[in-house]
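Fold and contact review
Here are the chains, one letter per residue:
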Amino acid sequence: MKSEKKIKTIFDIPTQDYVVPGGIFCQGCGAILAAKLMLKSLGEKTVIVNAAGCFTLAVVYPHTVFKTSWLYTAMACAPAGAQGIRDALDILIEKGKISKNEDLNVLVVTGDGAASSIGLQSTITAIHRNLDFWYLAYDNQAFMNTGVQKTETTPLGAATSTTKPTSLFPLGTEQEPLDLFSIWLSAGAPYVATVSPSYPIDFLDKVERAKEIRGPKLFHCLSGCPPGWDYDPALTVKIGRLAVESGLWVLKEAINGVVKHTYVPKKRIPVEEYLKTQGRFEHLFKPTKNEKAIEEIQKRVDKYWSTY
Ligand SMILES: Cc1ncc(C[n+]2csc(CCOP(=O)(O)OP(=O)(O)O)c2C)c(N)n1
Ligand code: SF4
């Protein structure tokens, strides 16, 4: 193992989990696994545009833990930052100041809070302008950096610090999550995908296919979060697999509007197997099992798959 002194970037860390010296990300963070896969494929010629969230702590000006360049924006406007960078690169190429070979990928990295709630307006307008950019939405299903508050993608039945289960609202989160895939698709994005770091080949294949496409490209990634979901950090990859094998998290992509499932579980496992791994769903099992709620979650998953 290299000494800590020689570690300058995330790519220099020979560990499996890419935990940064100093413990910036929690152990078992699914979001950093997602970023690792994305950057492995896109490479160093990438500029990351980041809206406030857990990744923001990976950067202390003028240093970052990444080999890529970095632009930090306010939470609402990472796609606007991406537009500025894309325009600057295009102008530099046009004026002959840099060659086409020196062009950079522009990659927005945000949590689901920025992607589905606070930053959705600037995202939709960037898609509408057909901005040529990548968007990694690491979806840990809550505003994690500020203490696990509910976002628009928090799933039905999950407890968060703002949707604690009560006698009035026994499920915790009572509403269906927003479907980012469909939102991007209906806004006209030419490449839209859902991914999981527990299925790295599927993830990397999608990045390769998306490289052929100019315009907005979404990678919506279910990203386990041990403190926010309340589970043992060693279980991140396993829980990601349970999400997909139960059919709760669907792996698919849409190229120019044509939707295709890239992985279909042969025999779906009951959603209960996934739910019971995490403390955020504990109220569905204790003190008594809420059969009705679990059945309802199962019914919604079955309904989705019955159409395919
Ligand atoms: C407009 C605005 N509201 C609230 C905040 C405070 N804030 C900073 S990080 C954060 C959480 C971001 O959540 P998410 O995008 O899901 O990323 P995660 O924390 O999960 O990495 C919030 C609410 C902010 N920076 N800007
Ligand atoms: S709070 Fe969750 S998303 Fe944030 S660094 Fe920790 S594990 Fe990752």
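Right, let's walk through the structure included here. (Residues numbered from 1 in each chain as written. Chains lettered and ligands numbered in written order. Predicted model: local features only at pLDDT ≥ 70, side-chain atom pairs only at ≥ 80, totals over all residues. Heavy atoms only, no water.)

1. Some points on the overall build of the chain
Looking only at helices and strands, one finds 10 helices and 10 strands in the chain. On the principal axes, the C-alpha backbone points of the chain span a range of 65 × 45 × 35 Å. Residue burial in the chain is summarised as follows: out of 308 residues, 51% are buried. Accessible area of the chain: about 14,700 Å², with a carbon and sulfur share of 56%. (Helix = DSSP H or I, 4+ residues; strand = E, 2+ residues; numbered from the N terminus. Buried < 20%, exposed > 50% of the residue type's maximum accessible area, 1.4 Å probe, protein only. Areas by Shrake-Rupley, 256 points an atom, 1.4 Å probe, with all protein chains shown as cover.)

2. Describing empty space enclosed by the protein
A probe matching the size of a water molecule, rolled over the atoms, marks out where space remains unfilled. Applying the stated criterion across every chain, the model contains three cavities of 30 Å³ or more. Its volume calculated, the largest cavity comes out at about 60 Å³. Considering the residues around the largest cavity, the lining is formed by Ser196, Pro197, Ser198, Leu222, Ser223, Gly224, Trp229, Thr236, Ile239 and Gly240. Per element, the largest residue contribution to the lining of the largest cavity is three residues, and it comes from helix α8 (residues 236-245). (1 Å grid on protein atoms, 1.4 Å probe; cavity = no way out; pocket = protein on both sides within 12 Å on 5 of 7 lines; lining within 4 Å. Points joined across faces, edges and corners; volume = space filled by probe spheres on them.)

3. Re the site of ligand 1
Near ligand 1 you find 16 residues, and of these Cys54, Gly113, Ala114, Tyr138 and Asn145 are the closest. Ala114 has a polar backbone atom sitting 2.9 Å from an oxygen atom of ligand 1. At a separation of 2.6 Å, an oxygen atom of ligand 1 approaches a polar side-chain atom of Tyr138. In terms of residue count, helix α3 (residues 112-118) provides more of the shell around ligand 1 than any other element does, four residues in total. Along the lines of polarity and charge, the residues of the shell around ligand 1 split into nine nonpolar, six polar and one charged. (Near = heavy atom within 4 Å. Polar contact = N/O pair within 3.5 Å; in protein donor to acceptor, adjacent residues only side chain to side chain. Nonpolar A, V, L, I, M, F, W, Y, C, P; charged D, E, K, R; others polar.)

4. Remarks on helix α1 (residues 30-42)
Working note: α-helix, 3.6 residues per turn, so residues spaced by three or four point in the same direction. Spanning 13 residues, α1 covers 19 Å between terminal C-alpha atoms, matching the ideal 18 Å at 1.5 Å per step. For α1, a buried count of 11 out of 13 residues is recorded, marking the element as mostly surrounded by other parts of the structure. For α1, the set of buried residues is Gly30, Ala31, Ile32, Leu33, Ala34, Ala35, Leu37, Met38, Leu39, Ser41 and Leu42. In this fold, the buried residues of α1 make contact with β1 (46-51), β5 (105-111), β6 (134-139), α6 (200-210), β8 (217-222) and α8. Just beyond α1, the residue with positive phi is Gly43, at close to 85°. (Expected span 1.5 Å × (residues − 1). Contact = heavy atoms within 4.5 Å.)

5. What about the sheet that holds β6?
The strand order β4-β1-β5-β6-β8-β7-β9-β10 describes an open sheet built from eight strands, whose pairing is mixed. Strands at the two margins of the open sheet, each flanked by one partner only, are β4 (69-73) and β10 (258-263). Mean inter-strand twist for the sheet, computed between neighbouring axes without regard to direction, equals 20°. With three bridges connecting them, strand β7 (residues 191-195) and strand β9 (residues 251-255) associate as antiparallel partners. Directly across from Tyr191, in β9, lies its bridge partner Ile255. Contacting β6, β7, β8, β9 and β10, α6 crosses the sheet at an angle of about 170° to β7. (Pairing = 2+ DSSP bridges. Axes fitted to C-alpha atoms, helices over the stretch in contact; angles between N-to-C directions.)

6. Some details on the site of ligand 2
Ligand 2 sits among Phe25, Cys26, Cys29, Cys54, Asn140, Met144, Cys225, Pro226 and Pro227. Its residues assigned to classes, the shell around ligand 2 shows eight nonpolar, one polar and no charged.

7. Description of the packing of aromatic side chains
Enumeration according to the criterion identifies 14 aromatic pairs in this entry. Taking 6.2 Å as the distance between ring centres and 70° as the angle between the ring planes, the aromatic pair formed by Phe133 and Tyr135 counts as edge-to-face. Residue Phe133 shares its accessibility class with Tyr135, and that shared class is buried. Geometrically, the ring pair formed by Tyr304 and Trp305 is edge-to-face, given 5.3 Å between the ring centres and 80° between the ring planes. Above the plane of the ring of Trp229 lies Arg280, whose end atom (NZ or CZ) is 3.9 Å from the centre. (Phe/Tyr/Trp six-rings, centres within 6.5 Å; stacked < 30°, edge-to-face > 60°. Lys NZ or Arg CZ within 6 Å of the ring centre and 35° of its normal.)

8. Looking at the packing of α1 against α6
Helix packing geometry: the angle between the two helix axes and the distance between the axes. For the pair α1 and α6, interaxial distance at closest approach is 10 Å and the crossing angle is 40°. Taken as axis vectors, α1 and α6 run oblique relative to one another. At the point where α1 passes α6, the crossing takes the right-handed sense. Counted together, Ala34, Leu37, Met38, Ser41 and Leu42 of α1 and Pro200, Phe203, Leu204, Val207 and Glu208 of α6 form the full contact between these two elements. Looking at the contact of α1 with α6 residue by residue, the classes come out as eight nonpolar, one polar and one charged. (Parallel < 35°, antiparallel > 145°, perpendicular 65-115°, else oblique. Left-handed = near helix turned anticlockwise from the far one by under 90°.)

9. Structural notes on the pattern of salt bridges
Inspection of the entire model under this criterion finds 16 salt bridges. As a salt-bridge pair, Asp202 and Lys206 come within 2.8 Å of each other at their nearest N and O atoms. Taken as a pair, Asp202 and Lys206 lie in helix α6 at a separation of four residues, close to a single helical turn. Using a relative accessible area of 12% as the deciding quantity, one classes Asp202 as buried. On the basis of relative accessible area, Lys206 is assigned to the buried category, the value being 0%. A salt bridge links Arg300 to Glu296; its shortest N-O distance comes to 2.8 Å. Taken together, the residues span about one helical turn, with Arg300 and Glu296 both in helix α10 (residues 291-306) at a distance of four residues. Overall, the relative accessible area of 26% leaves Glu296 in the partly exposed class. (Salt bridge = Lys/Arg side-chain N within 4 Å of Asp/Glu carboxyl O.)

None of the figures reported here should be taken as evidence of function without further support.
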